[in-house]
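Overview (structure and organization)
What follows is the residue order along each chain.
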Amino acid sequence: DVKVTQSSRYLVKRTGEKVFLECVQDMDHENMFWYRQDPGLGLRLIYFSYDVKMKEKGDIPEGYSVSREKKERFSLILESASTNQTSMYLCASSLISGLYEQYFGPGTRLTVT
Amino acid sequence: GDSVTQMEGPVTLSEEAFLTINCTYTATGYPSLFWYVQYPGEGLQLLLKATKADDKGSNKGFEATYRKETTSFHLEKGSVQVSDSAVYFCALIHTGNQFYFGTGTSLTVIP
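A few points on the structure. (Residues numbered from 1 in each chain as written. Chains lettered and ligands numbered in written order. Predicted model: local features only at pLDDT ≥ 70, side-chain atom pairs only at ≥ 80, totals over all residues. Heavy atoms only, no water.)

1. Observations regarding the environment of B:Cys90
All names here are of chain B. As a reminder of what qualifies: The helix count covers DSSP runs of H or I at least four residues long, the strand count covers runs of E at least two residues long, and both are numbered beginning at the N terminus. Burial classes follow relative accessibility: with a 1.4 Å probe on protein chains only, a residue under 20% of its type's maximum area counts as buried, one over 50% as exposed, and anything between as partly exposed. Here a residue-residue contact requires only that any non-hydrogen atoms of the pair lie within 4.5 Å.
Along the chain, cysteine 90 falls in strand S10 (residues 86–93). Judged by its relative accessible area of 0%, cysteine 90 falls in the buried class. As a C-alpha pair, cysteine 90 and threonine 71 span 19 residues in sequence and 13 Å in three-dimensional space. Here cysteine 90 is in contact with Val4, Gln6, Cys23, Phe34, Trp35, Phe73, Tyr100, Phe101 and Gly102, once residues within four sequence places are set aside.

2. Structural notes on the pattern of salt bridges
Using the following cut-off: For salt bridges, the criterion is a side-chain nitrogen of Lys or Arg within 4 Å of an Asp or Glu carboxyl oxygen.
Summed over the entire model, instances satisfying the criterion amount to ten salt bridges over all chains. We note a salt bridge from B:Lys49 to A:Glu101, for which the minimum N-O separation is 2.8 Å. Of this pair, B:Lys49 sits in strand S6 (residues 44–50) while A:Glu101 sits in the loop between strand S9 (87–94) and strand S10 (103–104), each in a different chain. The exposure class of B:Lys49 is partly exposed, given its relative accessible area of 35%. Under the relative-accessibility criterion, A:Glu101 is labelled buried at 10%. One continuous salt-bridge network, built from bridges that share partners, spans A:Arg36, A:Asp38 and A:Arg44.

3. Side note on the side chain of A:Asp38
All names here are of chain A. As for its position among the elements, aspartate 38 is in strand S4 (residues 31–38). Taking the relative accessible area as the measure of exposure, aspartate 38 reaches 12% and is therefore buried. Residues within four places of aspartate 38 in sequence aside, it is in contact with Arg44, Thr86 and Ser87.

4. Describing the pairing of strand S8 (residues 62–65) of chain B
All names here are of chain B. Applied cut-off: Any two strands between which DSSP finds at least two bridges are classified as paired.
Pairing analysis gives four bridges linking strand S7 (residues 56–59) to S8, with the strands arranged antiparallel. Note that in S8 the partner of glycine 57 across the bridge is alanine 64. Counting the residues between successive antiparallel strands, the hairpin from S7 to S8 contains two residues, one of them, lysine 60, with a positive phi of roughly 55°.

5. Focus: the state of the cysteines
Operational definition: Two cysteine sulfurs form a disulfide in these notes if their separation is within 2.5 Å.
Counted according to the given criterion, the structure contains two disulfides over all chains. A:Cys23 shares a disulfide with A:Cys91; S-S distance 1.9 Å. Looking down the S-S bond of the A:Cys23 and A:Cys91 bridge, the torsion is -80°, so its handedness is left-handed. Of this pair, A:Cys23 sits in strand S3 (residues 19–25) while A:Cys91 sits in strand S9, and the two are 68 residues apart along the sequence. Like A:Cys23, the residue A:Cys91 is buried in the burial classification. Through a disulfide, B:Cys23 is tied to B:Cys90; the S-S separation comes to 1.9 Å. An S-S torsion of about -70° defines the bridge between B:Cys23 and B:Cys90 as left-handed.

6. Observations concerning the sheet that holds S3(A)
Backbone-to-backbone hydrogen bonds join strands into a sheet, with any given pair of strands oriented parallel or antiparallel. All names here are of chain A. What counts is decided by this rule: To obtain an axis, a line is fitted to C-alpha atoms, over the contacting stretch when the element is a helix, and the angle between two such axes runs from 0 to 180 degrees between their N-to-C directions.
Across the sheet, four strands lie side by side as S1-S3-S8-S7; this open sheet has antiparallel pairing. With partners counted over all chains shown, the strands left at the sheet margins are strand S1 (4–6) and strand S7 (64–70), one partner each. Strand after strand, the sheet turns through a mean of 20° between neighbouring axes, direction not considered. Relative to S3, S1 runs antiparallel, the two being bridged by three bridges.

7. Details of unusual backbone geometry
With an omega dihedral of -10°, the bond running from B:Gly9 to B:Pro10 counts as a cis peptide bond. Here B:Pro10 lies in the loop between strand S1 (3–6) and strand S2 (11–14). You will see that A:Asp28, though not glycine, has its phi angle at about 60°, which is positive. For A:Asp28, the location among the structural elements is in the loop between S3 and S4. Look at B:Glu16: it is not a glycine, yet its phi comes out positive at around 80°. On the secondary structure map, B:Glu16 appears in the loop between S2 and strand S3 (19–21).

Geometric descriptors of this kind do not, in isolation, establish any biological role.
Structure (structure tokens):
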């Protein structure tokens, strides 16, 4: 079974803190994705990566950055957390070729106070 | 551009009722279509998929048929259970690596 794990299920941070969200997948997938999920807005893509050290902006990259130093690990970074970044963050991975499904982690619920 | 539209929720049904959640899409060509389910406090899980027109995806009693002529992929289940209470997302992937998700439909099944 494909497994996607996220470093924390719940996280509380203060405004202005630097926040790291980690995601690891164990199926050698090339693609990895970060989404945020908010009520009434569904899933919105923040960034994705199709290879080590490669990244592409999604629909809402402002205020976020990412890092992919190893194939299995994809990190989302909030350089200076703000209250409007309080959300559920979901990581996903998939194979690069063909129209394959994405596999999701359990999510990290981040609260910025 | 590509997009997915699914019916607004929330939906509340009694146990053993029939479920339909509508999903329509906009895309050129032939995308692959998916239904994901999210149980409370968890990430999304793939429920079923269809990769070409007239394909029927099915899993756990849920079904959806890829209708090219109506650009639809409606989710159905003949008899829902309390354990089906969750949020359901319709999604597509077309060219490139990006998925497009609907906004989700919350289902509550009452005994």
